[in-house]
Amino acid sequence: MTIVNFTPWTALLGGFLIGGGALLLLIVGGRIAGISGIVAGIGTQPDKGWRIAFVAGLVLVPFVLFGTGLAEVPSLERFSVFKLMLAGLLVGIGTRLGNGCTSGHGICGMGRFSPRSIVATLVFIAAGIATVTLLGLGG
């Protein structure tokens, strides 16, 4: 198997930025940076401003990076719109069933040594490995 696009330094920087951002939100705002909780709170919590800004950043930053050429857009041509919508729906269902998303459990929950998040993250990883193996996507 050949490793393609192995970028340890950019991956390390990205992980540092994500972890640092989650830590900053926890220390300064007392909030957990789980995306599903932030998005759900836009409709149910009185503190909408920071939530909207957070989600807007998640949506707008990729457009800036791709638009300026600082990042490359992978082609989605080989996937049907139906498959992409189904994948999004399944992620949403899994997020609801798992009481949080991968970012909430994997970054924030594991950082707080939450037993529920540790188990959830192990399940996410096992499911990802099984999916890649069964579908032959590993290379």
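Our subject is the structure listed above.
What comes next concerns the included structure. Bear in mind the structure is a predicted one, so any value in this text is a computation, not a measurement.

Re the packing of helix H2 (residues 35-44) against helix H3 (residues 48-67)
Item 1. Contact pair H2 / H3: the axes reach a minimum separation of 9 Å and the direction vectors enclose 130°. When the axis of H2 is compared with that of H3, the two are oblique. Judged by the twist between their axes, the crossing of H2 over H3 is left-handed. Of the residues in H3, those touching H2 at Ile-35, Gly-37, Ile-38, Val-39, Gly-41, Ile-42 and Gly-43 are Lys-48, Trp-50, Arg-51, Ile-52, Phe-54, Val-55 and Leu-58.
Item 2. Residue classes in the contact of H2 with H3 are distributed as 9 nonpolar, 3 polar and 2 charged.

Topic: H3
Item 1. Along its 20 residues, H3 runs 28 Å from first to last C-alpha, staying within 8% of the 28 Å computed at 1.5 Å per residue.
Item 2. The largest bend in H3 amounts to roughly 25° and is located at Leu-58, with the proline Pro-62 lying one to four residues further along.
Item 3. Gly-69 sits one or two residues past H3 and shows a positive phi near 85°.

Considerations on the environment of Val-91
Item 1. Position of Val-91 among the secondary structure elements: in helix H4 (residues 81-97).
Item 2. Overall, the relative accessible area of 55% leaves Val-91 in the exposed class.
Item 3. A sequence separation of 26 residues divides Val-91 from Ser-117, and the C-alpha atoms of the two residues are 17 Å apart.

Observations concerning the packing of helix H5 (residues 102-111) against helix H6 (residues 115-135)
Item 1. The N-to-C vectors of H5 and H6 enclose an angle of 130°; their axes lie 9 Å apart at closest approach. With respect to each other, H5 and H6 are oriented oblique. Once H5 is placed against H6, the crossing between them reads as left-handed. Contact residues: H5 offers Thr-102, His-105, Gly-106, Gly-109 and Met-110, while H6 offers Arg-116, Ser-117, Ile-118, Ala-120, Thr-121 and Phe-124.

Overview of the pattern of salt bridges
Item 1. Across all of its chains, the model carries 2 salt bridges by this definition.
Item 2. Between Asp-47 and Arg-31 there is a salt bridge; the shortest N-O distance is 2.7 Å. A residue pair is termed long-range when its members are at least 10 positions apart, and Asp-47 in the loop between H2 and H3 and Arg-31 in the loop between helix H1 (8-29) and H2 qualify at 16 residues.
Item 3. Relative accessible area serves as the criterion here: at 18%, Asp-47 is assigned to the buried category.

Reading the values: the criteria
- Residues numbered from 1 in each chain as written.
- Predicted model: local features only at pLDDT ≥ 70, side-chain atom pairs only at ≥ 80, totals over all residues.
- Heavy atoms only, no water.
- Axes fitted to C-alpha atoms, helices over the stretch in contact; angles between N-to-C directions.
- Helix = DSSP H or I, 4+ residues; strand = E, 2+ residues; numbered from the N terminus.
- Parallel < 35°, antiparallel > 145°, perpendicular 65-115°, else oblique.
- Left-handed = near helix turned anticlockwise from the far one by under 90°.
- Contact = heavy atoms within 4.5 Å.
- Nonpolar A, V, L, I, M, F, W, Y, C, P; charged D, E, K, R; others polar.
- Expected span 1.5 Å × (residues − 1).
- Bend = angle between axes of the 7 residues up to and from the residue.
- Buried < 20%, exposed > 50% of the residue type's maximum accessible area, 1.4 Å probe, protein only.
- Salt bridge = Lys/Arg side-chain N within 4 Å of Asp/Glu carboxyl O.

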